[in-house]
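Chain by chain, the residues run as shown.
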Amino acid sequence: MNEKEIVTAAMKTIGWNQTQLAEAVGYKSQSSISSRLTGNSMRVDTFVKMLSAMGYEIVVKSTSPQKNKNQWTISYD
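Residues numbered from 1 in each chain as written. Predicted model: local features only at pLDDT ≥ 70, side-chain atom pairs only at ≥ 80, totals over all residues. Heavy atoms only, no water.

A few words now on the overall build of the chain. The helix and strand tally for the chain stands at 4 helices and 2 strands. The N-to-C order of helical and strand elements in the chain reads α-α-α-α-β-β. Dimensions along the principal axes, computed over C-alpha positions, put the chain at roughly 45 × 25 × 20 Å. Counting every position in the chain, which comprises 77 residues, the buried fraction comes to 26%. Of all intrachain contacts in the chain linking residues separated by at least 6 positions in sequence, the fraction that spans at least 24 positions is 49%. With an accessible surface of roughly 5500 Å², the chain has 48% of that area assigned to carbon and sulfur atoms. Between the centroid of the 9 positive side chains of the chain and the centroid of its 6 negative side chains there is a distance of 5 Å. (Helix = DSSP H or I, 4+ residues; strand = E, 2+ residues; numbered from the N terminus. Buried < 20%, exposed > 50% of the residue type's maximum accessible area, 1.4 Å probe, protein only. Contact = heavy atoms within 4.5 Å. Areas by Shrake-Rupley, 256 points an atom, 1.4 Å probe, with all protein chains shown as cover. Lys, Arg positive; Asp, Glu negative; His and termini not counted. Charge placed at Lys NZ, Arg CZ, Asp CG, Glu CD.)

Ranked by internal contacts, the top residues of the largest apolar core, which has 16 residues, are Val7, Leu21, Ile33, Met50, Leu51 and Met54. Of all the secondary structure elements, the ones that give two or more residues to this core are helix H1 (3-14), helix H2 (18-25), helix H3 (30-38) and helix H4 (44-53). The biggest single contributor to this core is H4, with 4 residues. Filtering out sequence-adjacent residues up to four positions away, Leu51 remains in contact with Ile6, Val7, Ala10, Tyr56 and Ile58. (Core = buried A, V, L, I, M, F, W, Y, C linked by side-chain atoms within 4.5 Å.)

Turning to H4, its buried residues are Thr46, Phe47, Val48, Met50 and Leu51. In this fold, the buried residues of H4 make contact with H1, H2, H3, strand E1 (58-61) and strand E2 (71-74). Positive phi shows up at Gly55, right after H4, with a value of about 90 degrees.

Put into structure tokens, the structure is as follows:
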């Protein structure tokens, strides 16, 4: 999954549309969400902001936990 698919899946899971997400993140219109979901890529801070507005957090962890047990949570403040 890419970042746009994750945001879209999160919206579907909680029953939000683009207008509701735009409102939650402080954008003026639904078209702001649409343009970010259809563009080439999304900035990381935009990704985090959208998911945070929907009650999600981003966790970064190693794909080799036996070698590296570090884990970080990204928040939008």
